[in-house]
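For reference, the chains in residue letters:
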Amino acid sequence: WTLKYEWLFYFFLPFGLIFCRGAGFALMFAIAAAVIQLFSTRPVEWYFLAGALAAVLNEKYKVRSTINWNSPPITLTLVATIAYLAFMAPHIYTPASAVLLFICFFCITNGNDLFGLLSLKSSRFLGIISYSLYLLHCTILFIVLRAVNKLAPIEKMPPEYYWAVVAFCAAVTLMVSSITYRLIEHPWMRAKMPAWLASNSYR
């Protein structure tokens, strides 16, 4: 369901490049925030805005080198924020939740590894193929669960059988996502950036 927001974001990118320098980003950020607050019925757009802010702060202001992002106070704050959002936040699609998730995202993108958890090879591998996982998991779940449902109705399935099917879906998704990343994503990531786009990088 989020793909429609992504396509809107992709169509907006050429326009956004005009404002990515100097005070232009601040103006664009303020306008976007106002439009989301006034007109959005399901404000998932706050998270795109938070991601853009994190990218600008990291790329333009080099904040990563100024703070020890793996220090205990930052890590404990990160864990507490994640726990609150997971178990206590009444609604995730709100400006307040977007701010809290921005804090989590910003800490992690600047190097916090949650006591080493995010530095594990398995975690890094999942991060590498995460976009393929995001795009493919719903399709694989739909196909597998639909096929299984014809053989044995899912609503009558014992919990252990259901979770076995979900585990199978997870394994298939990991395998397929690894292949699509290597054959589709990776070649395009290594492609040379067009000169017109490189010239509009954050400065």
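Please refer to the structure higher up on the page.
Predicted model, so just to flag it, every value in this text is computed and none were measured.

Quick look at the environment of Pro-95 now. Mapped onto the elements, Pro-95 comes out in helix H5 (residues 95-109). Here the alpha-carbon distance between Pro-95 and Ile-36, two residues 59 residues apart in the chain, equals 9.7 Å. Those residues in contact with Pro-95 that sit more than four places away from it in its chain are Gln-37 and Trp-46.

Take the state of the cysteines next. What is meant by a disulfide is a covalent connection between two cysteines, made through their sulfur atoms. As enumerated under the stated definition, the model contains zero disulfides in all. Summary of cysteine pairing: Cys-107 is not part of a disulfide, and the nearest cysteine sulfur, belonging to Cys-104, is at 7.1 Å.

Here helix H7 (residues 130-151) crosses helix H8 (residues 159-189) at 140°, and the two axes come no closer than 8 Å. The orientation of H7 relative to H8 falls into the category oblique. Here H7 and H8 pass one another in a crossing that is right-handed. In contact with Tyr-131, Ser-132, Leu-133, Leu-136, His-137, Ile-140, Leu-141, Val-144, Leu-145 and Val-148 of H7, H8 contributes Val-165, Phe-168, Cys-169, Val-172, Thr-173, Leu-174, Val-176, Ser-177, Thr-180, Tyr-181 and Glu-185. Of the residues contributing to the contact of H7 with H8, the split by class is 15 nonpolar, five polar and one charged.

Turning next to H7. Taking 1.5 Å per residue as the helical rise, H7 with its 22 residues ought to reach 32 Å, and the 31 Å between its terminal C-alpha atoms agrees with that figure. At Leu-136, H7 is bent by approximately 40°, the largest bend along its length. Ser-132, Leu-133, Ile-140, Val-144 and Val-148 are the residues of H7 that are buried. Where H7 is buried, its residues meet helix H6 (121-128) and H8.

Further remarks concern the packing of helix H4 (residues 72-87) against H5. The interhelical angle for the contact between H4 and H5, taken along N-to-C directions, is 140°, at an axis separation of 10 Å. The orientation of H4 with respect to H5, classified from their angle, is oblique. Where H4 crosses over H5, the handedness of that crossing is left-handed. In this structure, H4 uses Ile-74, Leu-78, Thr-81, Ile-82, Tyr-84 and Leu-85 to contact H5, whose residues at the interface are Ser-97, Leu-100, Leu-101, Cys-104, Cys-107 and Ile-108. For the contact of H4 with H5, the residue count by class is ten nonpolar, two polar and no charged.

One finds Ala-50, Ala-54, Trp-69, Ile-74, Leu-78, Leu-85, Ala-89, Phe-102, Cys-104, Phe-106, Cys-107 and Leu-114 forming the largest nonpolar core, which totals twelve residues. Counting only elements with at least two residues in this core, the list comes to helix H3 (45-61), H4 and H5. Not counting chain neighbours up to four residues away, the residues in contact with Ile-74 comprise Ile-67, Asn-68, Trp-69, Cys-107 and Asn-112. Counting six residues, the second-largest nonpolar core is a separate cluster that includes Val-144, Val-148, Val-165 and Cys-169.

Calculation rules
- Residues numbered from 1 in each chain as written.
- Predicted model: local features only at pLDDT ≥ 70, side-chain atom pairs only at ≥ 80, totals over all residues.
- Heavy atoms only, no water.
- Helix = DSSP H or I, 4+ residues; strand = E, 2+ residues; numbered from the N terminus.
- Contact = heavy atoms within 4.5 Å.
- Disulfide = S-S within 2.5 Å.
- Axes fitted to C-alpha atoms, helices over the stretch in contact; angles between N-to-C directions.
- Parallel < 35°, antiparallel > 145°, perpendicular 65-115°, else oblique.
- Left-handed = near helix turned anticlockwise from the far one by under 90°.
- Nonpolar A, V, L, I, M, F, W, Y, C, P; charged D, E, K, R; others polar.
- Expected span 1.5 Å × (residues − 1).
- Bend = angle between axes of the 7 residues up to and from the residue.
- Buried < 20%, exposed > 50% of the residue type's maximum accessible area, 1.4 Å probe, protein only.
- Core = buried A, V, L, I, M, F, W, Y, C linked by side-chain atoms within 4.5 Å.

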